[in-house]
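Each chain, letter by letter, is given below.
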Amino acid sequence: MNDKLAWPTGFRGYTGHGGLREHGDDISIVASDRPATSAAVFTQSLFAGPAVLLSRGHAAGRSLRAVTTLAQNANVATGRQGEENAAEVVRRVAGILGVPEGEVLIGSTGVIGRPLPMSTILPHFERTAERGIAAFTAAPQDVARAMMTTDTRPKTASRTVGQARIVAVAKGVGMLEPNMATMLAYVFTDAEVPAADLDAALRGAVDRTFNCLSVDTDTSTSDTVAVIANGAAGPVDTVRFADALADLCLDLTLQLASDGEGATKLLRVTVSGARDHAQAKRVAKSVVNSPLVKTAVHGADPNWGRVLMAIGKNTDDTDIVPARVTVKFGDVEVYPDEPEADTLGKLADLMRRDEVDIAVTLGIGEGEATVYGCDLSADYIRVNADYTT
């Protein structure tokens, strides 16, 4: 991570303390100084919060030019007042920036069921408005840090395409099992990309990266991924841009997985030889989400039978035949050839590494998918058992 990472041309960042948490910045804004094209995807949770509902409408115009995030409070299940509070935050941010409200996306993340502390948020925005553009001195890592809840470290990534730069910030290490998006991730670029191409690039990247990430099988009420392109660096090759965006999103995905709540190891599961991509992804998710697999990885316990169990849970996939399946941890095959005692020792050594790779071949077709997760430790229970207390 680069402490000196700068925004692409034409973007500015702001962070400040609005009283959502006891100490540290908890409100952030990133904005373009010129009109932009945009694309976004959101959670499909039935309890999507006011920030998501409001932002969906704004994102439909594909002309977002600013993002504001409130950390430590999801503002979910807060009724009509929660909707009004989210709209008021957008109004204040739009006023500070001098842009239409419909060009502002809002993200809100943290505890569910608590109203926003508007008694401290509104005075904060009033002070920020008085400072104006002089307040916008925050770097990408500052914004990523202000977005954090249970994250242990800020997450940023950057790529270059021709003369254009792509810079992203993200947060989220728990309640991660995506459905259209996951956690909060915002991408900013000075590339000139038509809105339709930007949308296609984002959806393709999300499907191969964030939608292949799971920490605990739980889908957040606030998940949002958005990209804003202001064109300051001119046009770029759309194929190269899409590739760079996908690579950047994979970078963030790995950062998020390795920082999962209580995580000590990155877990990567690849399923090949499936009927199609959907089946491969489904089977891979059943392995990466298994509490028994995750705890075995945490303890470096070479209990490879748990992977077979996880594959076998896919009872609707009747074309999966055990006799055609192979399973490897790293380069060590554990099924169908049961490992000897010395091989189990090698397997345990592999599982002690910071990154553990499990490969499954189904022997059906050409479908393949890789998903990302982490081990399950006692610290995950501690973090979530004490989350509001």
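Coordinates for the structure precede this section.
This one's a predicted model, so the numbers in the text were calculated from it and none came from an experiment.

Peer 1: Give a detailed account of the nonpolar core, specifying residues and quantitative values.
Peer 2: Among the nonpolar cores identified, the biggest contains 69 residues, and Ile 311, Val 327, Phe 329 and Ile 358 are the most heavily contacted of them. The element contributing the most residues to this core is helix α6 (residues 238-258), with nine residues. Non-local contacts of Phe 329, meaning those with residues more than four positions away in its chain, are made with Trp 304, Val 307, Val 334, Leu 347, Leu 350, Met 351, Val 356, Asp 357 and Ile 358.

Peer 1: So what about the sheet that holds strand β13 (residues 355-361)? Which residues, and what values?
Peer 2: Spatially, β12-β11-β13-β10-β14 is the arrangement adopted by the five strands of the open sheet, whose pairing is mixed. Each of the sheet's edge strands pairs with one partner strand only, and the pair in question is β12 (332-335) and β14 (367-374). Neighbour-to-neighbour, the strand axes of the sheet open up by a mean angle of 20°, direction not taken into account. By the bridge criterion, four bridges tie strand β11 (residues 326-329) to β13 in an arrangement that is antiparallel.

Peer 1: Mind laying out the pairing of strand β3 (residues 37-42), listing which residues take part and the relevant values?
Peer 2: Most of β3 is tucked away: five of the six residues are buried. Direction of pairing for β3 relative to strand β9 (residues 224-229): antiparallel, over a ladder of six bridges. Residue pairing in the sheet places Val 41 in a bridge with Val 225 of β9.

Peer 1: Lay out helix α2 (residues 79-97) with the relevant residues and their values.
Peer 2: Taking 1.5 Å of rise per residue, 19 residues should cover 27 Å, and α2 covers 28 Å from first to last C-alpha, within 8% of that figure. Looking at α2, one finds that the buried residues are Gly 82, Asn 85, Ala 86, Glu 88, Val 89, Val 90, Val 93, Ala 94 and Ile 96. Its buried side turned inward, α2 meets β2 (27-32), α1 (50-59), β4 (66-73), β5 (104-111) and α3 (118-131).

Peer 1: Can you lay out the packing of helix α7 (residues 277-288) against helix α9 (residues 305-312) for me, pointing to particular residues and giving the numbers?
Peer 2: Close contact between α7 and α9 brings their axes to 8 Å; oriented N to C, the two are set at 135°. Compared by their axis directions, α7 and α9 come out oblique. In this structure, the crossing between α7 and α9 has a hand that is right-handed. Mapping the contact onto sequence places Val 283, Ser 286 and Val 287 in α7 and Val 307, Ala 310 and Ile 311 in α9. Looking at the contact of α7 with α9 residue by residue, the class counts come to five nonpolar, one polar and no charged.

Peer 1: Tell me what's going on with empty space enclosed by the protein, and back it up with residues and numbers.
Peer 2: Evaluation of the coordinates by the stated rule reveals one cavity of 30 Å³ or more. The volume enclosed by the largest cavity comes to roughly 30 Å³. Every residue lining the largest cavity is listed: Val 293, Ala 296, Val 297, Asn 303, Arg 306, Val 307, Phe 329, Met 351 and Ile 358. Looking at the lining of the largest cavity, the elements that each hand over two or more residues are α8 (291-298) and α9. Of the residues belonging to the lining of the largest cavity, the class tally is seven nonpolar, one polar and one charged.

Peer 1: Which residues make up the environment of Ala 168, and what values do they have?
Peer 2: With respect to the secondary-structure elements, Ala 168 resides in strand β7 (residues 164-171). According to the relative accessible area criterion, Ala 168 is buried, its value standing at 0%. Here the alpha-carbon distance between Ala 168 and Ala 359, two residues 191 residues apart in the chain, equals 30 Å. Once residues lying within four places of it in the same chain are set aside, the contact partners of Ala 168 are Lys 155, Thr 156, Ala 157, Tyr 186, Val 187, Leu 248 and Leu 252.

Peer 1: How would you explain the pairing of strand β6 (residues 155-161) if you had to name every residue and give the values?
Peer 2: As paired strands, β6 and β7 are joined by seven bridges and run antiparallel to one another. Each residue of the ladder has a partner; that of Arg 159, found in β7, is Ile 166. The antiparallel pairing of β6 with β7 creates a hairpin that spans two residues between the two strands, and Gly 162 there sits at a positive phi of about 60°.

Thresholds, definitions, all that
Residues numbered from 1 in each chain as written. Predicted model: local features only at pLDDT ≥ 70, side-chain atom pairs only at ≥ 80, totals over all residues. Heavy atoms only, no water. Core = buried A, V, L, I, M, F, W, Y, C linked by side-chain atoms within 4.5 Å. Buried < 20%, exposed > 50% of the residue type's maximum accessible area, 1.4 Å probe, protein only. Helix = DSSP H or I, 4+ residues; strand = E, 2+ residues; numbered from the N terminus. Contact = heavy atoms within 4.5 Å. Pairing = 2+ DSSP bridges. Axes fitted to C-alpha atoms, helices over the stretch in contact; angles between N-to-C directions. Expected span 1.5 Å × (residues − 1). Parallel < 35°, antiparallel > 145°, perpendicular 65-115°, else oblique. Left-handed = near helix turned anticlockwise from the far one by under 90°. Nonpolar A, V, L, I, M, F, W, Y, C, P; charged D, E, K, R; others polar. 1 Å grid on protein atoms, 1.4 Å probe; cavity = no way out; pocket = protein on both sides within 12 Å on 5 of 7 lines; lining within 4 Å. Points joined across faces, edges and corners; volume = space filled by probe spheres on them.

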